[in-house]
Amino acid sequence: MAAATAYDQPPFSPHMKLPLAVSLLFHIFVFLFSVATLPYISPRVEDDSDLIPVEIIREDERTTDKKPVQSEVKRQPPQQIEKPPEKMPDRPPQMTAKTPPKPVAPAPPDAVPLPSKEEKTAETKAAQPPKPDKKKPFLIQDNQQDQQDEFKSLLKNLMPDQPAAQENSQAQDKAAESSPLARFAQQMSGSEMDSLRSQLSRCWKLMSGARNAENLAVDIKLFINPDRTIRDAQVADSLRYYADSHYRAAADSALRAVRNPGCNPLDLPPNKYEMWKVMTVTFDPREML
Amino acid sequence: MMIKKLFAILVLALFIFPGSASAELNVNVTQGTVEPLPIAVTNFYAEPNADREIAQQLPQVIGKNLERTGLFKPVDPRAFIQDAASIAKDGPRFGEWRAINAQALVTGTVTAAPDGRARVEFRLWDVFSQQQLSGMAYTTTKQNWRRIAHIISDEIYKRLTGEDSYFDSRIVYIAESGPLQGRIKRLAIMDQDGHNHHYLTDGKALVLTPRFSPNQQLITYMAYYNNKPRVYLYNIDNGQQQVLGDFPGMTFSPRFSPDGGKVVMSMSQGGNSEIYVMDLRSKRPVRLTNNSAIDTSPSFSPDGQRIVFESDRGGTQQLYTMNADGTDVKRITFGEGRYANPVWSPRGDLIAFTRLYSGKFYIGVIRPDGSGERLITTAWHVEGPTWSPNGRVLAYFKEVPSGREGKRVRLYTVDLTGFNEREVPTPGDASDPAWSPLNP
């Protein structure tokens, strides 16, 4: 009967108005209370202090000083900007191995405490004080020598005008002569090619210890103005440039070399413009790193 | 007949027009100059209401980070011609930056976000090409500015070298103090550049060989509580410590697996130590070696497939590798002297180690197959190498005799070339460093 009575009543009878108002007020109160108190509705700044939103910033139009490289070069003589070509790499002058501190014999190192004999035999063997062993052969010195030779060879490579580089360039010239393009290269004399290579070598700054250096040769196509400044430089393998971060860094290094004020204008014979107005320079670090 | 004519015309054309567009000069440059890249890191421009101190300190931290790598040479700010406000308003005047021999340029702006946080924007420019190489903005609390400096340093390093970086990372180590007899050793943690330093333990118990978990929240180490040497886990978030497993013998030399789910360690019982691996969920230890010799200092390869460890099973203390289940044991070193503390590089290509030979300690690296051993630094006592997250730099501790106290122990880093060795600043004596992965 009660259900039948309910159906008989109109949807908003006068008897329902008060409960409806109370219900509405109650719901509004619950909603406001939730907004004011629940943390996930109103996030607090300190709660997400560990989260660092990141935005990518693109180059905008505020950069107003975009002028052709060559116009700037004219205002900046290369001698003033370029470093002296004979400067050696800026490295710490010595490795610790070369100037070891003199051991103070009676004071053994105590890097790892030895609380028990067990640990002494196991964990901290290498922490024992060094004891010179005269009986042992000098194999380690051979290894050291090998290492030093490796380092020396690296240092040797740092010299831009070393004999090895000369031999290498001569070998490249021979290779060029035997190529189908030899007729063009032949019109640039060997000394002219050496001069260009030497100039580009001075402009090409490499970072030591690059990974996969044997596979980071970069071809840069140069479009050159008659005044021997570079009009445009393009990475030949643009696909790899965007896909391989190591290659991109190597390519950027090569692009910096050809855009370096020290290489603008390039050391080219002015009367052979047809020979060099477009050229490809391969920057190959495998012998360096 | 027609084909023969066409062929003849083609051959003739090749002789008449030898200078076709496809023929051009090729130059092969194989020699360059290995030297740090000159980079100018300007003061960041502080917008009105923004924190000026942060704007000045950010570039200092970035510059120091880059300089420490040995790959970059920050240009002296006193040589700068253009100031931060001018850059923010008009953009870089590249001719002026070329004039002071900068090849890369870092600029930035700090603004105050509506919620009170700082928004730090940076741009990396190639000075010669006048192109923006990278640009990012980060919003964070003011107290977090130093971390933003490390993150920006990482972005610059990655863009210019092509390799992952390591500036936004930490180092946990053993801080030593007090007299040689009764030395106090505490667990301490700091940013990789030595800042944000604080102690994790109070020094009442001796702690040794801390190692970071790949997930950053845990450190495993060996400690002597109640004179019982055990491997412990330390939760960085809440400071809680717990002993790892209940072994009958002494446990030591722990190290996490690459996924952080296991700890490999040594247990010594009756004078013999063996290598065990324990799953952190099941806490069930599995014995990996079974040999009368001393097997210790295990370290997982980054793919979790192999473990390198030291053993004297061959008569002298040498390095060996084995599968993660203990099978397929191979000896990889055969040199004179003793090898210890092997650590597999996160890149997987090298294993770092300590070598003691002829009265001297060396830090060296070797390929996992045993080839290409190189000793990259030495001193009266160097030990405990640990890799930077990108596998390009090693941290270790160096001890040298010093004055009345007898010795000075400090942390150092050296890159893989062996030339760029730097001291990591610590408040006092420091040993046993462990480099964390990049912060999450």
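Just so it is clear, the model here is predicted, and its values are computed rather than measured. Along each chain, residues carry numbers from 1 onward, in the same order as the chain's sequence is written. Chains and ligands are labelled by the order in which they are written, letters from A for the one and numbers from 1 for the other. Note on the predicted model: pLDDT of at least 70 is required for a residue's local features to be given, and 80 or more for side-chain atom pairs to be given and counted; whole-chain, interface and lining totals, by contrast, use all residues. Values reported for side chains reflect all heavy atoms of the structure, with hydrogen atoms and water molecules removed beforehand.

All names here are of chain B. Two strands pair under a simple rule: DSSP has to find at least two bridges between them. Numbering of helices and strands runs from the N terminus, with a helix taken as a DSSP run of H or I at least four residues long and a strand as a DSSP run of E at least two residues long. Taken in spatial order, the four strands line up as S24-S25-S26-S27 in an open sheet, and their pairing is antiparallel. Looking along the sheet, the strands with just one partner apiece sit at the ends: strand S24 (338-344) and strand S27 (374-379). Between one strand axis and the next, the sheet turns through 25° on average, direction left out of account. As paired strands, strand S25 (residues 351-357) and strand S26 (residues 360-366) are joined by seven bridges and run antiparallel to one another. Across the sheet, residue Tyr357 finds its bridge partner in S26, namely Lys360. All axes here are fitted lines through C-alpha atoms, helices being fitted over the stretch that makes contact, and every angle between N-to-C directions spans 0 to 180 degrees.

This part covers the pairing of strand S3 (residues 218-224) of chain A. Residues and elements named next belong to chain A. Buried residues are those whose accessible area, probed at 1.4 Å on protein chains only, stays under 20% of the maximum for their type, while exposed residues exceed 50% and partly exposed ones sit between those limits. Judged by which residues are buried, S3 turns out to be one-sided: Val218, Ile220, Leu222 and Ile224 face inward and are buried, whereas Asp219, Lys221 and Phe223, on the alternate face, are not. Pairing analysis gives six bridges linking S3 to strand S5 (residues 278-283), with the strands arranged antiparallel. Note that in S5 the partner of Phe223 across the bridge is Val278. Two elements, S3 and strand S4 (residues 230-235), share five bridges in a ladder whose sense is antiparallel. Residue pairing in the sheet places Phe223 in a bridge with Asp232 of S4. Once S3 ends, the chain turns through five residues before running back antiparallel as S4, passing Arg228 with a positive phi of about 70°.

Contact geometry for helix H11 (residues 245-259) of chain A and helix H5 (residues 145-161) of chain B: axes closest at 6 Å, N-to-C directions at 75°. Comparing the axis directions of H11(A) and H5(B) gives the class roughly perpendicular. Judged by residue contacts, Arg248(A), Ala249(A), Asp252(A) and Arg256(A) of H11(A) engage Arg159(B), Leu160(B) and Thr161(B) from H5(B). Of the residues that constitute the contact of H11(A) with H5(B), the class distribution is two nonpolar, one polar and four charged. With respect to orientation, any angle under 35 degrees is reported as roughly parallel, any angle over 145 as roughly antiparallel, any angle of 65 to 115 as roughly perpendicular, and every other angle as oblique. Here, two residues are considered to be in contact whenever any of their heavy atoms come within 4.5 Å of each other. Any residue outside Ala, Val, Leu, Ile, Met, Phe, Trp, Tyr, Cys, Pro, Asp, Glu, Lys and Arg is labelled polar, Gly included; the first ten of those are nonpolar and the last four are charged.

Here we come to H5(B). Residue and element names in this part refer to chain B. Residue count minus one, scaled by 1.5 Å, sets the expected span of a helix. In a regular helix each residue adds 1.5 Å, so 17 residues correspond to 24 Å; H5 covers 24 Å between its end C-alpha atoms and thus fits that length. Counting buried positions along H5 yields 15 of 17 residues, so the element is predominantly enclosed. Backbone geometry just after H5 places Gly162 at a positive phi near 85°.

Our next topic: a nonpolar patch on the surface. The patches reported here contain residues having more than 30% relative accessible area and no salt bridge. Joining distances are 9 Å for like charges and 5 Å for nonpolar side chains (Val, Leu, Ile, Met, Phe, Trp, Tyr). To measure how exposed things are, a 1.4 Å probe is used in the Shrake-Rupley method; for residues, cover is taken only from the protein chains shown. Within this document, salt bridges are pairs made up of a side-chain nitrogen of Lys or Arg and a carboxyl oxygen of Asp or Glu, the two lying within 4 Å of each other. A surface patch of nonpolar side chains, amounting to about 430 Å² of accessible area, comprises Phe26(A), Phe29(A), Val30(A) and Phe33(A). If you trace the backbone, Phe26(A) turns up in helix H2 (residues 14-37).

Attention now goes to unusual backbone geometry. A cis geometry characterises the amide bond from Asn264(A) onward to Pro265(A), with omega recorded as 5°. By the secondary structure assignment, Pro265(A) is in the loop between H11 and helix H12 (273-276). At Ser253(B), a position not held by glycine, the phi torsion is positive, near 55°. On the secondary structure map, Ser253(B) appears in strand S16 (residues 250-256). Owing to a relative accessible area of 6%, Ser253(B) belongs among the buried residues under this scheme. One non-glycine residue with positive phi stands out, namely Asn341(B), at about 50°. You can see Asn341(B) is positioned in strand S24.

Here we take up the sheet that holds S5(A). Reading across the sheet, the four strands line up as S4(A)-S3(A)-S5(A)-S1(B) and stay open at both edges, with mixed pairing between neighbours. Of all strands in the sheet, those bounded by a partner on one side alone are S4 of chain A together with strand S1 (25-29) of chain B. Adjacent strand axes in the sheet meet at a mean angle of 25°, parallel and antiparallel pairs treated alike. Its contacts with the sheet put helix H9 (residues 190-203) of chain A on S5 of chain A together with S1 of chain B, and the angle it makes with S1(B) is roughly 50°. The sheet strands contacting H11(A) are S3, S4 and S5 of chain A, and the helix crosses S3(A) at an angle near 30°.

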